[in-house]
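Per-entry structural report
One-letter residues, chain by chain:
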Amino acid sequence: MIDQKLLKPLGSSALSDTVLENEWHPVCGSHELADKPVSVIVLEERVAVYRSSKGVHALRDLCVHRGAMLSKGWVDKNENLVCPYHGWQYNSDGKCVCIPAQGKDDRIPPRAKATKYHCQEKFGIVWVCIGEPRADLPSFEEFENPEYRPLVCGPYHVKAAGTRVIENFTDFAHLMYVHGGLLGHPDYSELPDFEVFKEPDRVYTGDVPIFQPVAHSGSDHREGTTYIYVKEVFRPLAARLSKRDQATGQTLWIMLTVLPVSEQECIVYMPVSRNYAHEVDDQQFIDFQDTVFEQDKWIIETQKPELLPLDLQAELNHKADLLSVAYRRWINQMGVRIGTT
Ligand code: FES
Ligand code: CO
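As a convention, each chain's residues are numbered from 1 in the sequence order in which they are written. Think of it this way: whatever chain is written first is A, whatever ligand is written first is 1, and the rest follow in order. Reporting in this predicted model follows two pLDDT cut-offs: at least 70 for local features of residues, and 80 or more for side-chain atom pairs to be given and counted; totals over whole chains, interfaces and linings ignore these cut-offs and use all residues. Computation of side-chain values: all heavy atoms of the structure, hydrogens and water removed.

Once that is clear, we can look at the packing of aromatic side chains. The pairing test for Phe, Tyr and Trp rings, Trp by its six-membered ring, is centres within 6.5 Å, and the orientation test on the planes gives stacked under 30 degrees, edge-to-face over 60, and tilted for anything in between. Inspection of every chain in the model, using the stated rule, returns nine aromatic pairs. The structure contains a cluster of three or more aromatic residues connected by ring pairs, namely F123, F140 and F143. The side chain of K231 reaches across the aromatic face of F169, ending 5.7 Å from its centre. Whether a charge sits over a ring depends on NZ of Lys or CZ of Arg being within 6 Å of the ring centre and within 35 degrees of the ring normal. Of note, R274 hangs over the ring of F285, and the distance from its end group to the ring centre comes to 3.7 Å.

The subject of this paragraph is the pattern of salt bridges. A pair can form between side chains of opposite charge whenever their charged atoms are brought close. Should a side-chain nitrogen of Lys or Arg be within 4 Å of a carboxyl oxygen of Asp or Glu, the pair is scored as a salt bridge. Tallied over the full model, the rule gives 21 salt bridges. Residues R134 and D201 are paired through a salt bridge, measuring 3.8 Å at the closest nitrogen-oxygen approach. Pair noted here: R134 is in the loop between β10 (125–129) and α2 (141–144) and D201 is in the loop between β12 (196–199) and β13 (202–205), with a separation of 67 residues, a long-range link. Taking relative accessible area as the criterion, R134 reaches 46% and is therefore assigned partly exposed. Note on classification: 1.4 Å probe, protein chains only; a residue is buried when its accessible area is under 20% of the maximum for its type, exposed when over 50%, partly exposed between these limits. For D201, a relative accessible area of 44% translates into the label partly exposed. For K159, the salt bridge goes to E265, with nearest N and O atoms at 3.7 Å. Taken together, the residues K159 in the loop between β11 (149–158) and α3 (162–169) and E265 in strand β18 (residues 265–274) connect sequence positions 106 residues apart. Owing to a relative accessible area of 57%, K159 belongs among the exposed residues under this scheme. We count a stretch as a helix when DSSP gives it H or I for four or more residues in a row; a strand needs E for two or more, and each element gets its number in order from the N terminus.

So, in structure tokens, the structure goes:
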């Protein structure tokens, strides 16, 4: 549950960050949004999200009449969002089109308008931008490619800055420790040198081979598979990786995308896609990712400082951290302030 006390007072700009305000953020899974509106929080701003026959819509979750939450209302037969307090009806542009307490011929004041936010649905997720989107959603072709089987993992609630979650996703050297036995093994911790590339809109690695031994008791770990990882951060709070078995071409894609609820609280959604094991129940894949993410979360929530240090002298960087350093530099140049120090 989101702690409502965390929310900023109306009109306060304590969390102002023009970079993140102008980003698309994942707010709920498509399947979570049916006929009832849903309340979400984006950068401490309450947002009501709802579905109509025309698609998904987002309004500021605040009735301009007396400040009730529109998300506690309902969508009526005209597909307007109805405030539960006095029944004012808002259309998808946020315009109030009916005030039940007044006569049909009475004029509706032009100021009777809820703030409308940008909203779209893609990759099994509903996305909201509370500012002006400076870029389209990141592309994830493998989610829509029929050779791949898509599914969505999450939501995962994390009591930490979204930037810390993204940085953890860029990290290779933890796979053998935090995910030891699942994604690597401490006996095979040495990482090869790898390259990191920087472009104006993304930072990414070259191929990084990682040996994943087969886990069984009494094993000397020599059996296993070397997977080729490529990791990429393409938005301040969105990244993805591919994990490829070179021998078979079997590839898993994971996009990790983070909703910044407040500076030190976030929710993670993970669209995942695979070109193998289509016959295996999706729930098995989801359960596995849940376990892996739980392991990451356990570490991330203990990290200090809570906000990601952008001063590169503040922590000790190692050559295994090349992508993390590139990420810190990149969001520093971009001017991301929330979740950083
Ligand atoms: Fe919404 Fe009165 S507070 S209609
Ligand atoms: Co991890």
